[in-house]
Each structure stands twice: as structure tokens, then as C-alpha cells.
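Architecture and fold: a report
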Amino acid sequence: MSELIQSLYKKYEPFFAVGTCVSPRTLETHKELLVNHFNSLTSENHMKFGPIHPTPDTYDFTQADRMVAFAKEHSKLVRGHTLVWHNQNAPWVFQDEGGGFVGKDVLLKRMEEHINTVVSRYRGAVYCWDVVNEAVADSGPDVLRQKSPWLEIIGPEFIEKAFEYAHAADPDALLFYNDYNESQPDKRDKIYRLVRGLKEKGVPIHGIGLQAHWNIHWPSLDDIREAIEQYASLGLQLHITELDMSMFAFEDRRTDLAEPTAEMLEKQAERYEQVFALFREYAGVITNVTLWGAADDVTWLHNFPVRGRKNWPLLFDMQHKPKPALERIMRF
Ligand code: GLA
């Protein structure tokens, strides 16, 4: 049982915080794991634009407030996630009264009002924010993802504006740019160029979030190391923000497994052991490692990229018991 093994976050206290995402449900169903093993919490969905600001004049802070209160009660850090993203927005944000796109000035005002309201409310409680999420293109020559209403309406400066508004709302919060496929060399170079440009302009940015949605085959340790080195060369701190280790390569759409095989569990344990050893090497630069879920029963990967396919990407199993991967990252 989990209480018989040493606390994960206490073991890693000399290196970095260890977090997980949470939902209103897991604050209850996974309370024991959260309290014992993690010292940083990220709301999986309830600080995103759509859920927290559903109509122009209404904010719904109920679930975010609950999560922040839970964190306070149990002395956990809170990572704020996320202010500006192309997904999970309320439809009104980009629309004018006729249903067309609003103009640039209107959208900038909306963005400023939103960021100011949300960040001010959690000043002192949320220690860092993923200010802009996933603005970089996965492939092709463009640095920025073209299919984003923020980019289409405001232009590339939506990114720096978001950081400026967040900094004005809470000058003490650490501000992050967060993205996935962050260790893939082409995208890594684009993220690096984007963030270097922001730094050169004096934009208040303090860190890069490496989402780290990885699998047991990919990316290579060398690519992960290279990404850490390159981002760290900008003089910023790094957070691993959404770590999970899928049992399937991305292209693998097999659906025949009811349980992970012994080989999968072993390979996953080996990978977790390797990446945590690497994170420890860069402790000081890496200051938070957050898993995208407390246990295998609550992972978004049960529905992505194959709906309804079981996956087992985390450190605790479906019954909340420690997996081989957990045992291995505790052994050093
Ligand atoms: C992205 C987002 C997260 C979450 C995951 C999928 O990585 O940053 O908030 O939505 O996708 O669960």
C-alpha cells in the first residue's frame, strides 16, 4: 500500500517539487496519494479560459477555489494552468455580436481583463502560471501555430502581451511558456527561438514548461537532455509540467490489451528511472516535475489518441498501488 512506501515528494525535496494534476473528483478519490506523495498541484481543467470564464460577465471560480483551498490546507504549491491557449476557450471570447471575429483591440482588452482577474484572484496562492500554452507549430516552416484565434486576430504579439498582463497582475508569480513535443529537435528549436526572442525584448518570462507527454519508446534520452540543455541556456528555470509515459508509441493504435504486459511495465520502469536520473542531474534548473495524473485510473490517455483504450502511463496503478516505475525512481 502507498503508505508503506516512502513519500515521493519528500524523497525529491532536495531536488525539485513533485506534482500532479487534479480534478474536483480526484481531490476526493485520490486524496491519500495527493497528500502523501505530491507537493505541487495543477488543476487539470478548471483554470482554463472556458471553465473559469464561461460568459463575458461571469467567472466561475468554484472548482479552482476548492483546489487552491485543498493545496493551502495541505501545504502544497499550486501551478496555474493556463491563461492563453487555442483550446478549451468559451466561444464568446473571439466573437462579436454578429458571430464574426472581434477586432484586435477588443480581443486584447478581453485578454487583459481575463488575465488580470484570474491572476489577481490567486496572487500569493498560485506560485507560477503557464501564461501561454502550445503557441508553436508542430511542423513546417512557421514558428507559430497558425490555427489559433489568438494569432489570427491579434498577431504574434499576443504572446508578449499575455506575459505583460500576467506580470502586471502578480509581479511575484513565475511566468512560463508551456508546450508539448518539446524534446523533438525541430520543435525544440522553434520553442527556443520564440523564447529567446521574448527574452531579448525584455518580456517578463521566467521559465519554460516541458509538457513531457512521452511514451516508453520516445523521445530518446539524448533528445530530452539536448532540450533541457538548450532551454536552460536561456537562463530560465524549467518545469516538467505534464509528465506521463504511455505504453504505446503514438502510431500504435492496438486495442487488445486489458492489462499492461510485464515487458511494458519493465520498460516503463526503466524509462522513468532514466528520466528522473536526468532530472536530478539538472536539479536547480529543473525546479518542478509534475505528473499528468496521480494514478492510472485517471489519465486522459484512456481516451487519446484512441477513445476508450486502456493505458497505464503513471506511477501508481489502477488501485493506487505503487508500480515498478515508482519503486525505481525511489531507489538511488
Ligand atoms: C495539453 C494541455 C493540458 C491537457 C492535455 C491533455 O497538454 O496543456 O491541459 O489538456 O493537453 O489532457
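It should be noted that the structure appears before, not after, this text.
Report on the accompanying structure. Just so you know, these numbers come straight off a predicted model, no measurement behind them. (Residues numbered from 1 in each chain as written. Predicted model: local features only at pLDDT ≥ 70, side-chain atom pairs only at ≥ 80, totals over all residues. Heavy atoms only, no water.)

Attention shifts here to the packing of helix α9 (residues 185-200) against helix α10 (residues 221-232). Where α9 contacts α10, the two axes come as close as 10 Å, and the packing angle between them is 10°. In terms of orientation, α9 lies roughly parallel with respect to α10. Where α9 abuts α10, its residues Pro185, Arg188, Asp189, Ile191 and Tyr192 lie against Asp223, Glu226, Ala227, Gln230 and Tyr231. Along the lines of polarity and charge, the residues of the contact of α9 with α10 split into 5 nonpolar, 1 polar and 4 charged. (Axes fitted to C-alpha atoms, helices over the stretch in contact; angles between N-to-C directions. Helix = DSSP H or I, 4+ residues; strand = E, 2+ residues; numbered from the N terminus. Parallel < 35°, antiparallel > 145°, perpendicular 65-115°, else oblique. Contact = heavy atoms within 4.5 Å. Nonpolar A, V, L, I, M, F, W, Y, C, P; charged D, E, K, R; others polar.)

Applying the stated criterion across every chain yields a total of 19 aromatic pairs. Relative to Phe15, the ring of Tyr12 has its centre 5.9 Å away and its plane inclined at 55°; by these criteria the two rings are tilted. Judged by relative accessible area, Phe15 falls into the partly exposed class, the value being 27%. Three or more aromatic residues joined by ring pairs make a cluster, and in this case those are Tyr12, Phe15, Phe16, Trp214, Tyr272, Phe276, Phe279 and Phe332. Positioned above the aromatic ring of Phe176, the side-chain terminus of Arg79 is 5.3 Å from the ring centre. Above the face of the Phe332 ring, Arg280 is positioned so that its terminal group lies 3.7 Å from the ring centre. (Phe/Tyr/Trp six-rings, centres within 6.5 Å; stacked < 30°, edge-to-face > 60°. Buried < 20%, exposed > 50% of the residue type's maximum accessible area, 1.4 Å probe, protein only. Lys NZ or Arg CZ within 6 Å of the ring centre and 35° of its normal.)

Two faces, one strand: in a regular strand the side chains alternate between the faces of the sheet. Burial along strand β2 (residues 40-43) is two-sided: Ser40 and Thr42 and Leu41 and Ser43, pointing in opposite directions, are all buried. Note that strand β1 (residues 17-22) and β2 share 4 bridges and pair parallel. Within β2, the residue paired with Val22 across the bridge is Ser43. In this sheet, strand β3 (residues 77-84) lies alongside β2 in parallel orientation, the contact comprising 3 bridges. By the bridge assignment for β3, Leu41 is matched with Val78. (Pairing = 2+ DSSP bridges.)

In an α-helix there are 3.6 residues to a turn, and that puts residues three or four apart on one side. The first and last C-alpha atoms of helix α11 (residues 262-281) sit 29 Å apart over 20 residues, in line with the 28 Å expected at 1.5 Å per residue. Along α11, the positions that sit buried rather than exposed are Met264, Gln268, Ala269, Arg271, Tyr272, Val275, Phe276, Leu278, Phe279 and Arg280. Where the residues of α11 are buried, they touch β7 (213-215), α10, β8 (237-246), β9 (286-291) and α12 (324-329). (Expected span 1.5 Å × (residues − 1).)

What follows is about the packing of α10 against α11. Between α10 and α11, the shortest axis-to-axis distance is 11 Å and the interhelical angle comes to 25°. By the angle between their axes, α10 is roughly parallel relative to α11. Crossing geometry of α10 relative to α11 is assigned as right-handed. Residues Leu221, Ile224, Arg225 and Ile228 of α10 form the contact with α11, whose participating residues are Arg271, Gln274, Val275, Leu278, Phe279 and Glu281. (Left-handed = near helix turned anticlockwise from the far one by under 90°.)

Here we take up unusual backbone geometry. For residues that are not glycine, phi is negative in most cases, and the peptide bond is trans in most cases. The omega angle of the peptide bond from His81 to Thr82 is -5°, so this bond is cis rather than trans. For Thr82, the position within the fold is in strand β3. The linkage connecting Trp218 with the following residue, Pro219, adopts the cis geometry, with an omega of -5°. Of note, Pro219 is situated in the loop between β7 and α10. For Glu134, which is not glycine, the phi dihedral falls at a positive 60°. Looking at where Glu134 falls in the secondary structure, it is placed in the loop between β4 (128-133) and α7 (149-154).

Taken by themselves, the reported measurements are silent on function.
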